Each structure stands twice: as structure tokens, then as C-alpha cells.
Amino acid sequence: MIDCPVQEFYHINDLQISQRQGGLIVKKLNVTGMHCGRCKAAVEEAAGKVPGVRSPVADPAAGLLSYEESAPVDREELKKAIQDTGFDVE
């Protein structure tokens, strides 16, 4: 679990957007509760460890996690990776 100076729990809504970009599928998740750089880094690190997730980028201001899907991603595995980091995934 990360040490966020602002809030302890985070919510990530289910998959929102898919688009194809240069042969890769770009997907986004709604993320609420990111308040600092440590939150951003924790979400990106957790997502980046899931097979098929490439170039995860969390945007606290927009409330989004974007990532390229280089191979099919198991969404439940992605959610679990984020939960294991201490985030609450809806």
C-alpha cells in the first residue's frame, strides 16, 4: 500500500474507452482518488506489471489511467494488481 498524504483509498471504475492506435489497442480506466505523484506512480507501476499492459499513464487531474494493450489483457488480473497495491477497484 502506498503512503498518500491526501487519501488512503482509491477507486477505479471499469473499462471506459478502447481505440486502435498504430496497431496497438489503447484503453482507459476511470480513476478517482489520485491526489499526488505517489498515487500516480503506484497505479502506473501496478498496471505495468500485468502481462499485455504497455506504457501505462495515470492522469490524476483527468481521473484516467491510459495504457496500450500489446496483447489481450485480463481485466480481472489488472484490477487485482491495483487492489494488491492498496487501491479499491470498483
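Residues numbered from 1 in each chain as written. Predicted model: local features only at pLDDT ≥ 70, side-chain atom pairs only at ≥ 80, totals over all residues. Heavy atoms only, no water.

Points about the confidence of the model for the protein
Low pLDDT means the predicted atomic positions in that stretch should not be read closely.
Then, in step 1: For the protein, mean pLDDT is 75; residues scoring 70 or higher make up 70% of the total.
Then, in step 2: Within the protein, the element-level pLDDT minimum falls on strand β1 (residues 11-21), averaging 48, and the maximum on helix α1 (residues 37-48), averaging 93. (pLDDT = per-residue confidence, 0-100. Helix = DSSP H or I, 4+ residues; strand = E, 2+ residues; numbered from the N terminus.)

Topic: the pattern of salt bridges
Then, in step 1: For the structure shown, the criterion picks out 6 salt bridges.
Then, in step 2: Among the ionic pairs, K27 bridges to E69, the shortest N-O distance being 3.4 Å. Of this pair, K27 sits in strand β2 (residues 24-32) while E69 sits in strand β4 (residues 64-69); the two residues are 42 residues apart in sequence, bridging distant segments of the chain.
Then, in step 3: Under the relative-accessibility criterion, K27 is labelled buried at 14%.
Then, in step 4: Overall, E69 belongs to the buried group, its relative accessible area being 11%.
Then, in step 5: D84 serves as the salt-bridge partner of K80, at 2.9 Å between the closest nitrogen and oxygen. (Salt bridge = Lys/Arg side-chain N within 4 Å of Asp/Glu carboxyl O. Buried < 20%, exposed > 50% of the residue type's maximum accessible area, 1.4 Å probe, protein only.)

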